[in-house]
Amino acid sequence: MRVLVVEDEASLAEVIGAGLRRDAITAETARDGREALAKLRLGGYDVLVLDRDLPGLHGDEVCRQVVGRQLLTRVLMLTSPGTVHHRPDALGLGLGADDYLTKPFTHEELLARVLALGRRPRPAPAPVIAHAGVTVDTARGLAARDGRPLALSHTELGVLEVLLRARGAVVSGDELIEEVWEEHTSYRTNAVRVTLGTLRAKLGDPPLIESVPGAGYRMTGGPDGEDGTGGTDG
């Protein structure tokens, strides 16, 4: 089982993570909501242990995005003392969280909740991803735009799939490298730029992949098929 712990108190995050690892659970940590969403975008987490009162991007918004993007990750919301008698949305349940735990709690309580959530069956990811006229059949490794088949390499298809799954969120070059390329690839520095160039050319006009300076790349255009006007530099 793979768990992401999101907690801005470094000491508490380390205690939770270390405790889960002692019980043979792969546990990673994030200190704020934006870092958490960046890690969640790459997928692979069974359970998200999410502090509700995060600075910056609030835990409620992180939960909304996890649910809205249909990520296959169960959410355990950590709430402050005194919220247990509040309405469900104050506990995260009304936002789509699967369970909550009120601070302070014991490791045994947390472990029991995490294991219970990890055992719940999860729906399989959709075999076909669609956005702005672009479809990727992940089961058969096929892609098309407006019904026109796209002759994509394995790497180009992988990059397109990651960008589509991000649902318009920015994906950094490092995230693409981690998700698509071999771990020890010898051409990391230029791989993303070259692949994005050929992928954009094959997708054709109007352009659908936007470069966000200093941040990464994202898909433009609405899910209803309307094309965006994002830039194509880089």
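We now turn to the structure provided with this report.

What counts, and where the lines are drawn
- Residues numbered from 1 in each chain as written.
- Predicted model: local features only at pLDDT ≥ 70, side-chain atom pairs only at ≥ 80, totals over all residues.
- Heavy atoms only, no water.
- Helix = DSSP H or I, 4+ residues; strand = E, 2+ residues; numbered from the N terminus.
- Contact = heavy atoms within 4.5 Å.
- Areas by Shrake-Rupley, 256 points an atom, 1.4 Å probe, with all protein chains shown as cover.
- Buried < 20%, exposed > 50% of the residue type's maximum accessible area, 1.4 Å probe, protein only.
- Pairing = 2+ DSSP bridges.
- Salt bridge = Lys/Arg side-chain N within 4 Å of Asp/Glu carboxyl O.
- Core = buried A, V, L, I, M, F, W, Y, C linked by side-chain atoms within 4.5 Å.
- Axes fitted to C-alpha atoms, helices over the stretch in contact; angles between N-to-C directions.

### Overview of the overall build of the chain
And step 1. What the chain contains, in helices and strands, is eight helices and eleven strands.
And step 2. Contacts in the chain between residues at least 24 apart in sequence constitute 58% of all its contacts with a sequence separation of at least 6.
And step 3. For the chain, the accessible surface area stands at approximately 11,800 Å², while carbon and sulfur atoms represent 51% of it.

### Some points on the pairing of strand E10 (residues 209-212)
And step 1. Taking every second residue as pointing to the same face, both faces of E10 are buried, with Ile209 and Ser211 on one and Glu210 and Val212 on the other.
And step 2. Note that E10 and strand E11 (residues 216-219) share four bridges and pair antiparallel. The residue bridging valine 212 from the neighbouring strand is glycine 216, located in E11.
And step 3. Linking two consecutive strands that pair antiparallel, namely E10 and E11, is a turn of three residues; a positive phi of about 75 degrees is found at glycine 214 within it.

### Focus: the pattern of salt bridges
Pairs can form between side chains of opposite charge once their charged atoms are near each other.
And step 1. Going through the model one piece at a time under the given rule, you end up with 15 salt bridges.
And step 2. Linking lysine 103 and aspartate 51 is a salt bridge whose minimum nitrogen-to-oxygen distance equals 3.1 Å. Here aspartate 51 lies in strand E3 (residues 47-51) and lysine 103 lies in the loop between strand E5 (99-102) and helix H5 (107-119), a separation of 52 residues in the sequence. The same class applies to lysine 103 as to aspartate 51, namely buried.
And step 3. Between arginine 140 and aspartate 137 there is a salt bridge, and its shortest N-O distance comes to 2.9 Å.
And step 4. Residues joined in a network through salt bridges with shared partners are Glu7, Asp51 and Lys103.

### Some remarks on the nonpolar core
And step 1. Within the largest apolar cluster, 29 residues are counted, with the highest numbers of intra-cluster contacts made by Val159, Leu160, Leu163, Leu176, Trp181, Leu196 and Ile209.
And step 2. Where this core is concerned, the elements lending two or more residues are strand E7 (134-137), helix H6 (154-165), helix H7 (173-180), helix H8 (188-203) and E11.
And step 3. For this core, the element with the most residues is H6, which contributes six residues.
And step 4. Residues Val6, Leu50, Cys63 and Leu95 belong to the second largest nonpolar core, which totals 18 residues.

### Things to note about the sheet that holds E5
And step 1. What the five strands build is an open sheet, ordered E2-E1-E3-E4-E5; its pairing is parallel. Edge positions in the sheet fall to strand E2 (26-30) and E5, since each of these pairs with one other strand and no more. Across the sheet, the mean angle from the axis of one strand to that of its neighbour is 20 degrees, orientation sign disregarded.
And step 2. Two elements, E3 and strand E4 (residues 74-79), share five bridges in a ladder whose sense is parallel. Looking across to E4, one finds that aspartate 51 is bridged to leucine 78.

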